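If you want the building blocks of each chain, they are given just below.
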Amino acid sequence: MTTPGRPIRVLVPQPRGVDAVLAACNADVMLYDPEAPEALPAGAEDAQVLVVDRHPDASTAALLPALPRLRMIQLFSSGTDSWEAVAPATVRVAGVTGAHGRTVAEWVMAQLLSHHRRLPGFAEAQRRRDWRAERTGTLAGARVLVFGAGDIGTHLRAMLSTFGAAADLAGRAAREGVLDTRGARENLGRYDIVVLAVPLTPATGHLADAGFFARMRPGAVFVNAGRGPLVDTDALVEAARTRLGHVALDVTDPEPLPAAHPLWAMDNVVVTPHIAGITDDVMDRCWAGVARGVARFAASAPGEREP
């Protein structure tokens, strides 16, 4: 008779992660200190999964040589580009899924509603004690193109529909309800609002370049809720000056945005410091997503056999 396989060994950086992972799957969960890679707990060298809650730095990257059996790095973020640059080729880097889509889509909606209903202008008028009624725009009837057909894109399409706006999603390949990215780029001029919500990959770097902005409708709105390097920043600055009606950025390239950068001072640009997914419940959402990711790995792993 075959002896049951051992549970996977998982390293987590926060005490609450022990309970979260144990509630999701059969695992041997160990707590480690990301700031002290030299002080891993005994047995950590057998870990198959490393959970990380930050971008790689000298301390976290130093963990990898001490984990020869590592097979997956599970992140708190949906983007994986920063860790893929340092992870061994034999280690899969997994972004958290189902954790940030709703909140990032909510940030996009907040930016669009604020712009169309001219809320910053009315806030300034309030400071002047100036009671002056003006007409505003509306999202109703707007045509929106969202590059990204994943968690963010699908949430955003549903939210926009509630406000009477029609959204098309674009992904790597055309499928039911989704345009292909190349075809969507060719038809940018049909849309009032264009949103980036795709991961950063070699194929999506500088997706929004000078040619991209030249195809957009004059006076259109551009939103980046994905990653900064999806955009050619110099091209964006020029487009904001000459073509675009409004720009909303939660991510920039470089990031943080230097204090002297022209984007800060442009009247038609709003910049927030990469906070679209950071809400009061962010840790609950992250650990739930991490636990789901580890459970999927545990279900697919062949398991070790007792000697």
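All of these numbers come straight from a predicted model, not from anything done at the bench. (Residues numbered from 1 in each chain as written. Predicted model: local features only at pLDDT ≥ 70, side-chain atom pairs only at ≥ 80, totals over all residues. Heavy atoms only, no water.)

Caption draft 1: Layout of the packing of aromatic side chains. Scanning the model with the defined rule gives five aromatic pairs in all. Each ring, one from Phe76 and one from Trp287, has its centre 4.9 Å from the other, and the planes form 80 degrees; the classification is edge-to-face. With Phe76 in the loop between strand 5 (72-75) and helix 3 (81-84) and Trp287 in helix 10 (residues 282-300), this pair connects stretches of sequence that are 211 residues apart. A residue is classified by how much of its surface remains accessible, and Phe76, at 9% relative accessible area, is buried. Each residue in the set Phe147, Phe212, Phe213 and Phe222 is aromatic and connected to the rest through ring pairs, giving one cluster. For Arg143, the ring lying beneath its charged end belongs to Tyr191, and the centroid distance is 5.3 Å. (Phe/Tyr/Trp six-rings, centres within 6.5 Å; stacked < 30°, edge-to-face > 60°. Helix = DSSP H or I, 4+ residues; strand = E, 2+ residues; numbered from the N terminus. Buried < 20%, exposed > 50% of the residue type's maximum accessible area, 1.4 Å probe, protein only. Lys NZ or Arg CZ within 6 Å of the ring centre and 35° of its normal.)

Caption draft 2: Here's a closer look at the sheet that holds strand 8 (residues 166-171). Sheet architecture is open: seven strands sit in the order 9-8-7-10-11-12-13, paired in parallel fashion. With partners counted over all chains shown, the strands left at the sheet margins are strand 9 (178-180) and strand 13 (269-271), one partner each. This sheet shows a mean twist of 20 degrees between the axes of neighbouring strands, independent of strand direction. Two strands pair when backbone bridges link them, and strand 12 (residues 246-249) and strand 13 are joined in this way by three bridges, in the parallel orientation. Within strand 13, the residue paired with Leu249 across the bridge is Val271. (Pairing = 2+ DSSP bridges. Axes fitted to C-alpha atoms, helices over the stretch in contact; angles between N-to-C directions.)

Caption draft 3: View of empty space enclosed by the protein. With the rule as written, the count across this model stands at one cavity of 30 Å³ or more. Estimated volume of the largest cavity: approximately 50 Å³. In this structure, the largest cavity is lined by Asn224, Gly228, Val231, Thr233, Leu236, Leu249, Val251, Thr252, Asp253 and Leu263. Residue composition of the lining of the largest cavity, grouped by class: five nonpolar, four polar and one charged. (1 Å grid on protein atoms, 1.4 Å probe; cavity = no way out; pocket = protein on both sides within 12 Å on 5 of 7 lines; lining within 4 Å. Points joined across faces, edges and corners; volume = space filled by probe spheres on them. Nonpolar A, V, L, I, M, F, W, Y, C, P; charged D, E, K, R; others polar.)

Caption draft 4: Local environment of the sheet that holds strand 3 (residues 27-31). Strand order in the open sheet made by the five strands is 3-2-4-5-6, with parallel pairing throughout. The open sheet has two free edges, formed respectively by strand 3 and strand 6 (92-94), since each of these has just one partner strand. If you compare each strand with its neighbour and ignore which way they point, the axes differ by 20 degrees on average. With two bridges connecting them, strand 2 (residues 8-12) and strand 4 (residues 49-52) associate as parallel partners.

Any functional reading would require information that these geometric values do not contain.
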